[in-house]
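Summary of structural features
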Amino acid sequence: DQQVKQNSPSLSVQEGRISILNCDYTNSMFDYFLWYKKYPAEGPTFLISISSIKDKNEDGRFTVFLNKSAKHLSLHIVPSQPGDSAVYFCAAYSGAGSYQLTFGKGTKLSVIP
Amino acid sequence: EPEVTQTPSHQVTQMGQEVILRCVPISNHLYFYWYRQILGQKVEFLVSFYNNEISEKSEIFDDQFSVERPDGSNFTLKIRSTKLEDSAMYFCASSEAMLQPQHFGDGTRLSIL
């Protein structure tokens, strides 16, 4: 049951360029979305979030875009840096009194110097 | 920056034994969670805990599992009669409120032999 899908298991980008990570969801009850970054042997680290009432949220080099009609969100990293190399997870809250985050499988980003 | 701490980082246990995984959430957070990630699979929600009681649990969280907040700082996950398929990374998380970013610890790698 893949309610949150990250269809690209990996992505390679040159340093300085834009990284675009994509996420699709099927559950229309999802109303709050988050991106996490994970290094090996560490836990997921919160990056940025967006509420379903918005279509864009920006924090420094990171911007998340939400297209509700397409049930699609994306994370843009500009400019990409070698330290951004990690696994990125898309996650969602379904609201409606639910406390749990539903995660995608993750996309491994490699930023090449 | 405040962080969630988990101990031990790695636990090896014989099948059938009981194991307790420990977590110290961020001090001003009120909501606590356990997730697990089996190797190669998604991060999966187990349980959430608020106001000294379970607020939500997944199908995975059956009678084999229990959670407790024995004092003002620790949050524990107990797994009774461990099985081979309980081998996974177990992540603790906490958040200030509902629908807020959850902050994760670095996990405990549980290996059942």
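So, here's what we can say about the structure.

Cut-offs applied
- Residues numbered from 1 in each chain as written.
- Chains lettered and ligands numbered in written order.
- Predicted model: local features only at pLDDT ≥ 70, side-chain atom pairs only at ≥ 80, totals over all residues.
- Heavy atoms only, no water.
- Phe/Tyr/Trp six-rings, centres within 6.5 Å; stacked < 30°, edge-to-face > 60°.
- Helix = DSSP H or I, 4+ residues; strand = E, 2+ residues; numbered from the N terminus.
- Buried < 20%, exposed > 50% of the residue type's maximum accessible area, 1.4 Å probe, protein only.
- Disulfide = S-S within 2.5 Å.
- Polar contact = N/O pair within 3.5 Å; in protein donor to acceptor, adjacent residues only side chain to side chain.
- Contact = heavy atoms within 4.5 Å.
- Pairing = 2+ DSSP bridges.

1. Here's the deal with the packing of aromatic side chains
- Inspection of the entire model under this criterion finds 20 aromatic pairs over all chains.
- Taking 5.8 Å as the distance between ring centres and 85° as the angle between the ring planes, the aromatic pair formed by phenylalanine 103 of chain A and tyrosine 35 of chain B counts as edge-to-face. Residue phenylalanine 103 of chain A is found in strand β10 (residues 101-103), and its partner tyrosine 35 of chain B is found in strand β4 (residues 31-37); the two belong to separate chains.
- Under the relative-accessibility criterion, phenylalanine 103 of chain A is labelled buried at 1%.
- Residue tyrosine 35 of chain B is classed as buried on the basis of its relative accessible area of 0%.
- One aromatic cluster is present, built from ring pairs that chain together Tyr36, Phe46, Phe89 and Phe103 of chain A together with Tyr33, Tyr35, Phe45, Phe91 and Phe104 of chain B.

2. Observations concerning the state of the cysteines
All names here are of chain B.
- Tallying each qualifying case throughout the model produces two disulfides over all chains.
- Two residues, cysteine 23 and cysteine 92, share a disulfide whose sulfurs are 1.9 Å apart. With the S-S dihedral at roughly -65°, the linkage between cysteine 23 and cysteine 92 falls on the left-handed side. Here cysteine 23, found in strand β3 (residues 19-24), pairs with cysteine 92, found in strand β9 (residues 88-95); they are 69 residues apart in sequence, far enough to count as distant.
- Relative accessible area serves as the criterion here: at 0%, cysteine 23 is assigned to the buried category.
- A relative accessible area of 0% places cysteine 92 in the buried class.

3. So, the side chain of serine 80 of chain A
All names here are of chain A.
- Tracing the chain through its elements places serine 80 in the loop between β8 (72-77) and β9 (86-93).
- Looking at serine 80, the relative accessible area reads 1%, which means it is buried.
- Here serine 19 takes part through its side chain, which lies 2.6 Å from a polar atom of the side chain of serine 80.
- Polar contacts involving the side chain of serine 80 include one to the main-chain carbonyl oxygen of isoleucine 77, which spans 3.4 Å.
- Among residues more than four places away in sequence, those in contact with serine 80 are Val13, Gln14, Glu15, Gly16, Arg17, Ile18, Ser19, Arg61 and Val111.

4. Considering unusual backbone geometry
- The residue after valine 78 of chain A, namely proline 79 of chain A, is reached through a cis peptide bond having omega -15°.
- Mapped onto the secondary structure, proline 79 of chain A falls in the loop between β8 and β9.
- Residues threonine 7 of chain B and proline 8 of chain B are joined by a peptide bond in cis, for which omega reads -10°.
- Along the polypeptide, proline 8 of chain B turns up in the loop between β1 (5-7) and β2 (10-13).

5. Structural notes on the sheet that holds strand β3 (residues 19-25) of chain A
All names here are of chain A.
- Here we have five strands laid out as an open sheet, ordered β1-β3-β8-β7-β6, and antiparallel in their pairing. Taken across any chain shown, the strands that pair with only one partner, and hence form the sheet edges, are β1 (4-5) and β6 (56-59).
- In terms of strand pairing, β6 meets strand β7 (residues 62-67) through four bridges, oriented antiparallel. In the strand pairing of β7, asparagine 57 is matched with valine 64.

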